[in-house]
Amino acid sequence: MSEPHAAALSARNAEPARPPHVFVRAGGAPDLPPPGLVGGPLAWAQANLFGSALSAALTLASLAFLAWALPDLVRWLLLDAVWSAPDGEACRRPGAGACWAYIGAKLEFFAYGSYPREMTWRVDLTLALGAALAVWLLWPGARRKGLGLALFFGAYPLLALYLLHGLGDYARALLGGIAALTGSATLRDVARNALPLVPTNLWGGIFVSLLVATVGIVVSLPLGVLLALGRRSKAPVARFLCVMLIEIVRGVPLITVLFMANTMLPLFVPAEWSPDRLMRPLIGVALFASVYMAEVVRGGLQAVPKGQYEGAMALGLSWTNMMRLIVLPQALTIVIPGVVNSFIALFKDTTLVAIVGIFDFLRAVDTQRLDPAWAGPTISATGYVFAAAFYFVFCFGMSRYSLMMERRLARGRRH
Amino acid sequence: MSAQALSASPDVAIEMRDVHKWYGRFHVLKGVDLDVARGERIVVCGPSGSGKSTLIRCVNRLETHQRGRILVNGLELTDDQKRIEAIRRDTGMVFQHFNLFPHLTVLENCTLSPIWTLRLPQKEAEARAMYFLERVRIPEQAHKYPLQLSGGQQQRVAIARALCMAPKVMLFDEPTSALDPEMVKEVLDTMVSLAKEGMTMICVTHEMGFAREVADRVAFIDRGEILEVDKPEAFFLRPQHERTKLFLSQILR
Ligand SMILES: Nc1ncnc2c1ncn2[C@@H]1O[C@H](COP(=O)(O)OP(=O)(O)OP(=O)(O)O)[C@@H](O)[C@H]1O
Ligand SMILES: [Mg+2]
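I will try to describe carefully the structure that is included in this document.

Calculation criteria
- Within each chain, residue numbers correspond to sequence positions counted from 1 in written order.
- Labels are handed out in written order, letters beginning with A for the chains and numbers beginning with 1 for the ligands.
- In view of the model being predicted, local features appear only for residues whose pLDDT reaches at least 70, and side-chain atom pairs are presented and counted only at 80 or more, with totals across whole chains, interfaces and linings using the full set of residues.
- Excluding hydrogens and water, the side-chain figures rest on all heavy atoms present in the structure.
- Only runs of H or I of at least four residues qualify as helices and only runs of E of at least two qualify as strands under DSSP, and these elements are numbered from the N terminus.
- Each radius of gyration is computed over the set of C-alpha atoms, and the globule rule expresses the reference value as 2.2 Å times the number of residues to the power 0.38.
- For every residue, the accessible area (1.4 Å probe, protein chains only) is compared with the maximum for its type, and the residue is labelled buried under 20%, exposed over 50%, or partly exposed between those bounds.
- Using a 1.4 Å probe, accessible areas were evaluated by the Shrake-Rupley method; residue-level cover was limited to the displayed protein chains.
- When the sulfur atoms of two cysteines come within 2.5 Å, that pair is taken as a disulfide.
- A pair of strands is labelled paired if DSSP reports no fewer than 2 bridges between them.
- Working rule for contacts: check all heavy atoms of both residues, and any pair within 4.5 Å makes them a contact.
- A fitted line through C-alpha atoms serves as each axis, taken over the contacting stretch for helices, and the angle formed by two N-to-C directions is quoted from 0 to 180°.
- To estimate how far a helix should extend, the number of its residues minus one is multiplied by 1.5 Å.
- Each patch is built from salt-bridge-free residues with over 30% relative accessible area, joining like charges within 9 Å and nonpolar side chains (Val, Leu, Ile, Met, Phe, Trp, Tyr) within 5 Å.
- Salt bridges are counted wherever a side-chain nitrogen of Lys or Arg sits within 4 Å of a carboxyl oxygen of Asp or Glu.
- We define buried area as the total accessible area lost by two parts upon association, computed with a 1.4 Å probe and summed across both.
- Counting of polar contacts relies on pairs of N or O atoms within 3.5 Å, with two restrictions inside protein: one atom must be capable of donating a hydrogen and the other of accepting it, and residues adjacent in sequence are counted only when both atoms are side-chain atoms.
- Gly is put with the polar residues, along with every residue not named as nonpolar or charged; the nonpolar set is Ala, Val, Leu, Ile, Met, Phe, Trp, Tyr, Cys and Pro, and the charged set is Asp, Glu, Lys and Arg.
- The near set for a molecule or strand comprises every residue that places at least one heavy atom within 4 Å of it.
- An angle below 35 degrees is read as roughly parallel, one above 145 as roughly antiparallel, one from 65 to 115 as roughly perpendicular, and any other as oblique.
- Crossings are sorted by hand: turned counterclockwise from the far helix by less than a right angle, the near helix makes the crossing left-handed, and turned clockwise it makes it right-handed.
- Centres within 6.5 Å are what make two rings of Phe, Tyr or Trp a pair, Trp counting through its six-membered ring; a difference in plane orientation under 30 degrees is then read as stacked, over 60 as edge-to-face, and the rest as tilted.
- Criterion for a charge above a ring: Arg CZ or Lys NZ at most 6 Å from the ring centre, at most 35 degrees from the ring normal.

Here we look at the overall build of chain B
Part 1 of the reasoning: The helix and strand inventory of chain B stands at nine helices and 10 strands.
Part 2 of the reasoning: Its C-alpha atoms give chain B a radius of gyration of 18 Å, near enough to 18 Å, the size a compact globule of 253 residues would have.
Part 3 of the reasoning: Once the C-alpha set of chain B is aligned to its principal axes, its extents read approximately 50 × 45 × 35 Å.
Part 4 of the reasoning: The buried share of chain B, taken over its 253 residues, is 57%.
Part 5 of the reasoning: When the accessible surface of chain B is summed, it comes to about 11,000 Å², and 50% of that surface belongs to carbon and sulfur atoms.

So this is what it looks like as structure tokens:
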């Protein structure tokens, strides 16, 4: 202890009843380490797993449960599993675990449905391009995101449509006609060499699930934002229309929306204009997701303080710029958990399109387990575990990504 | 008070004639007349709830007046959104609670509107922002986020942000009343130096020292009416209206 401290203490000790009237601190107090800072896994376990009697009991119960469930699970999933086999013979043997050989044999079908095998590169290319664009857009700190956005929302959907669907006879004839009229050789070559048509009734599997989910996500965010803005707008007609749409679609189960899209759209639209059988559920899913997104976004808009609007208006920003640059960035940051929650729900809800005859991934898994070459006691379980793992990986990935973004965005705004 | 002819002379920055405003049935502004000459500094004071904020928020249409006329730099405020935006571009406002954009850095706060409404190139907007951040003496904070700064620093950023639009008029709505006492001075100093350079200012404030130092005129408003406008010496030494005397006796002790 330094000189002045000791002096002050002894002064106090001399007259314990009376605190000194005048006190001036000299020197500074030393920095001491905080108490009880002991590291190591043992200290961690003691603090977190056995901190109290209840916590210790819960820890023990959890360990007991794991000890009971894990060995069987590991045995079924890994040790007793059949990893390669030409058909279901090996998997039917008693005591056999998961039949991964079956997944391997059916993987192409699970991935592409009945899409012609020699053309699956078109699907692969579409998915790869989409994934590359998605990484570009989602990568924190990536450059030129404006261009990425334009490509993703503008060029990519058209390119994907062409790649996946190809040119039908109509389009080919139309292009050929234009080529003949204008005498353009390039157009004629395009018309002649364009990718052949793959009708949507051959599409299926994982790629259709991803397609439905992607369309839902890509449409629902901007449309949801527009609906939310419309619902809060001062123009009564716009507000009324948005409220109507939101409340009606939200008040109806997705299955009903899908049935209605499937059976009612053709009633209102002339037959030759009637949307494709895959297009109808796509519209239904996108609409349904948008309406939920609108309500999530509205919550965020309400959480942005009035002062932010006033600050933006006082600077002379137009309404569009105020919303785009000030309000929406803050509102959307606030609702990231809700948005991702909607995306996850949407991703899993895509399995419902099977009800209107779309051959999505789960439907593909569901039909193949009855294949006589493979049918057996473990086949169904294997297929569904595989499907569950697939959905889990995607949903968990989204959840982790959103957590990371929340942390990044929260950085720099703490006091 | 009756509506008088509007002069629209270039020497007048703001003209308010018989301005009325109601919140529902509540009559907040009851025929306010006020002229602010170019380069003039006016301090507005009055009891809480008297309509001070409402008055200056009418000048840049954050509130809409329902009767009377307001001209800002010769342009009359109407429902025309384009004109409102033009008037706002020429009218800087500083709020009690700063209203900085928390998701943007200090520099981005200052360059946002110059880039998007004045269409300045980014380089130029940044140079201008740095110039004004130096003026308010916080250039070193340019890359921080607003909430990482102290209240006084945030308010100085808010002033710099408004100045980056090169406004012809500055409106201050109690800029120091949300600040801790030791930060009031740094903000007032900034405002004093701005005033000394000839900026046209309307300041709602209870900082009577500031009013004495820089104001050309002090206006006292109570229950939605301007009761007295005078030069600061006269206003503080020889207030005429009974309610002005009462108000001054309460805040100057
Ligand atoms: N949006 C509103 N709706 C209804 N009444 C309002 C609204 N804003 C303000 N008022 C009322 O109008 C009156 C004037 O408000 P104003 O904010 O202009 O007062 P002020 O003089 O700035 O007071 P203060 O010193 O407390 O800031 C107050 O009585 C207030 O309650
Ligand atoms: Mg006020």
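Some thoughts on the state of the cysteines
Cysteine pairs can be covalently joined through their sulfur atoms, and such a bond is termed a disulfide.
Part 1 of the reasoning: Scanning the entire structure with this criterion turns up one disulfide over all chains.
Part 2 of the reasoning: Here Cys91 of chain A is linked by a disulfide to Cys99 of chain A, with a sulfur-sulfur distance of 1.9 Å. Judged by the sign of its S-S torsion, about 65 degrees, the bond between Cys91 of chain A and Cys99 of chain A is right-handed. This pair shows no difference in class: Cys91 of chain A is buried, exactly as Cys99 of chain A is.
Part 3 of the reasoning: This cysteine, Cys58 of chain B, is not joined by any disulfide, and Cys203 of chain B carries the nearest cysteine sulfur, 17 Å off.
Part 4 of the reasoning: Counting only cysteine sulfurs, Cys45 of chain B is the nearest neighbor of Cys203 of chain B, a cysteine outside any disulfide, at a range of 12 Å.
Part 5 of the reasoning: Given a relative accessible area of 2%, Cys203 of chain B falls into the buried group.

A short note on the sheet that holds strand β2 (residues 26–37) of chain B
All names here are of chain B.
Part 1 of the reasoning: Taken together, four strands build an open sheet; the order of strands is β2-β1-β4-β5 and the sheet is antiparallel. Among the strands making up the open sheet, the edge pair consists of β2 and β5 (75–76).
Part 2 of the reasoning: Two strands pair when backbone bridges link them, and strand β4 (residues 67–72) and β5 are joined in this way by two bridges, in the antiparallel orientation. What sits directly across from Val72, in β5, is Leu75.
Part 3 of the reasoning: Sheet strands in contact with helix α1 (residues 52–59) are β1 (12–23), β2 and β4, and its direction is about 125 degrees off that of β1.

Describing helix α18 (residues 379–410) of chain A
Part 1 of the reasoning: For α18 of chain A, with 32 residues, the first-to-last C-alpha span of 46 Å sits near the 46 Å given by 1.5 Å per residue.
Part 2 of the reasoning: Every buried residue belonging to α18 of chain A is among Ile379, Thr382, Gly383, Ala387, Phe390, Tyr391, Cys395, Met398, Ser402 and Met405 of chain A, and all of these are buried.

Focus on a nonpolar patch on the surface
Part 1 of the reasoning: Taken together, the side chains of Phe50, Leu60, Leu63, Phe65, Leu66, Trp68, Leu70, Leu73, Val74, Leu78, Leu79 and Trp83 of chain A define a hydrophobic patch exposed on the protein surface, amounting to about 1,300 Å² of accessible area.
Part 2 of the reasoning: Relative to the helices and strands, Phe50 of chain A resides in the loop between α2 (41–48) and α3 (53–79).

Overview of the interface of chain B and chain A
Part 1 of the reasoning: Each side of the interface is counted separately: chain B has 24 residues, and chain A has 23 residues.
Part 2 of the reasoning: Both sides together, the interface formed by chain B and chain A hides about 2,100 Å², and carbon and sulfur atoms give 61% of it.
Part 3 of the reasoning: The largest share of the area that chain B buries against chain A comes from His103, Trp116 and Leu147 of chain B, three residues that together contribute 27% of it.
Part 4 of the reasoning: Counting across the chain B and chain A interface gives one salt bridge.
Part 5 of the reasoning: We note a salt bridge from Glu310 of chain A to Arg57 of chain B, for which the minimum N-O separation is 2.6 Å.
Part 6 of the reasoning: The interface formed by chain B and chain A includes six residue pairs in polar contact (both at pLDDT 80 or more).
Part 7 of the reasoning: If you list the elements that add at least two residues to the side of chain B that touches chain A, you get α2 (81–89), β6 (91–94) and α3 (106–116) of chain B.
Part 8 of the reasoning: Per-class residue counts for the side of chain B that touches chain A are 12 nonpolar, seven polar and five charged.

Concerning the sheet that holds strand β7 (residues 169–173) of chain B
Residue and element names in this part refer to chain B.
Part 1 of the reasoning: If you walk across this open sheet you meet the six strands as β6-β7-β8-β3-β9-β10, and the pairing is mixed. A single partner strand is all that each edge strand has here, and the edge strands are β6 and β10 (225–230). Ignoring strand direction, the axes of neighbouring strands in this sheet form an average angle of 15 degrees.
Part 2 of the reasoning: Bridge count for strand β3 (residues 41–45) against strand β9 (residues 217–222) is four bridges, and the pairing is parallel. Bridge pairing in β9 places Val43 opposite Val218.
Part 3 of the reasoning: Against the sheet, α1 makes contact with β3, β6, β7, β8 (200–204) and β9, and its axis sits at roughly 155 degrees relative to β7, the strand it touches most.

Describing the site of ligand 1
All names here are of chain B.
Part 1 of the reasoning: All residues in the neighbourhood of ligand 1 are listed as Tyr23, Phe26, Val28, Pro47, Ser48, Gly49, Ser50, Gly51, Lys52, Ser53, Thr54 and Glu174.
Part 2 of the reasoning: Side-chain polar atom of Ser48 to an oxygen atom of ligand 1: 2.8 Å apart, as the coordinates give it.
Part 3 of the reasoning: In this structure, Gly49 approaches ligand 1 through a main-chain N or O atom, which is 2.8 Å from an oxygen atom.
Part 4 of the reasoning: Considering ligand 1 on its own, with 630 Å² of exposed area, one finds that the protein chains cover 59% of that surface.
Part 5 of the reasoning: When contributions to the shell around ligand 1 are tallied by element, the ones reaching two or more residues are β2 and α1.
Part 6 of the reasoning: For the shell around ligand 1, the per-class residue count stands at four nonpolar, six polar and two charged.

Structural notes on the packing of helix α5 (residues 100–112) of chain A against helix α17 (residues 361–368) of chain A
Residues and elements named next belong to chain A.
Part 1 of the reasoning: Look at α5 against α17: their axes get within 10 Å of each other, and the N-to-C directions meet at 130 degrees. Classified by the angle their axes make, α5 and α17 are oblique. With respect to the hand of their crossing, α5 and α17 are arranged in right-handed fashion. For the pair α5 and α17, the contacting residues are Tyr102, Lys106, Phe109 and Phe110 in the first and Phe361, Ala364, Val365, Thr367 and Gln368 in the second.
Part 2 of the reasoning: Partitioned by chemical class, the residues of the contact of α5 with α17 number six nonpolar, two polar and one charged.

Topic: the environment of Pro305 of chain A
Part 1 of the reasoning: Inspection of the secondary structure puts Pro305 of chain A in the loop between α13 (279–303) and α14 (306–314).
Part 2 of the reasoning: Once the C-alpha coordinates of Pro305 of chain A and Glu108 of chain A are considered, the two residues, 197 residues apart in sequence, prove to be 52 Å apart.

Considerations on the packing of aromatic side chains
Part 1 of the reasoning: Tallying each qualifying case throughout the model produces 25 aromatic pairs over all chains.
Part 2 of the reasoning: Both rings, one in Tyr102 of chain A and one in Phe110 of chain A, keep their centres 6.1 Å apart while their planes meet at 80 degrees; by these two values the pair is edge-to-face. Residues Tyr102 of chain A and Phe110 of chain A agree in their burial class; the two are buried.
Part 3 of the reasoning: Following the ring pairs from residue to residue traces out a cluster consisting of Tyr102, Phe110, Phe347, Phe361, Trp374, Phe386, Phe390, Tyr391 and Phe394 of chain A.
Part 4 of the reasoning: Geometry around Trp116 of chain B places Arg324 of chain A over its ring, the cationic atom sitting 4.2 Å from the centre.
Part 5 of the reasoning: Across the ring face of Phe236 of chain B, the terminal group of Arg212 of chain B is positioned such that the distance to the ring centre comes to 4.6 Å.

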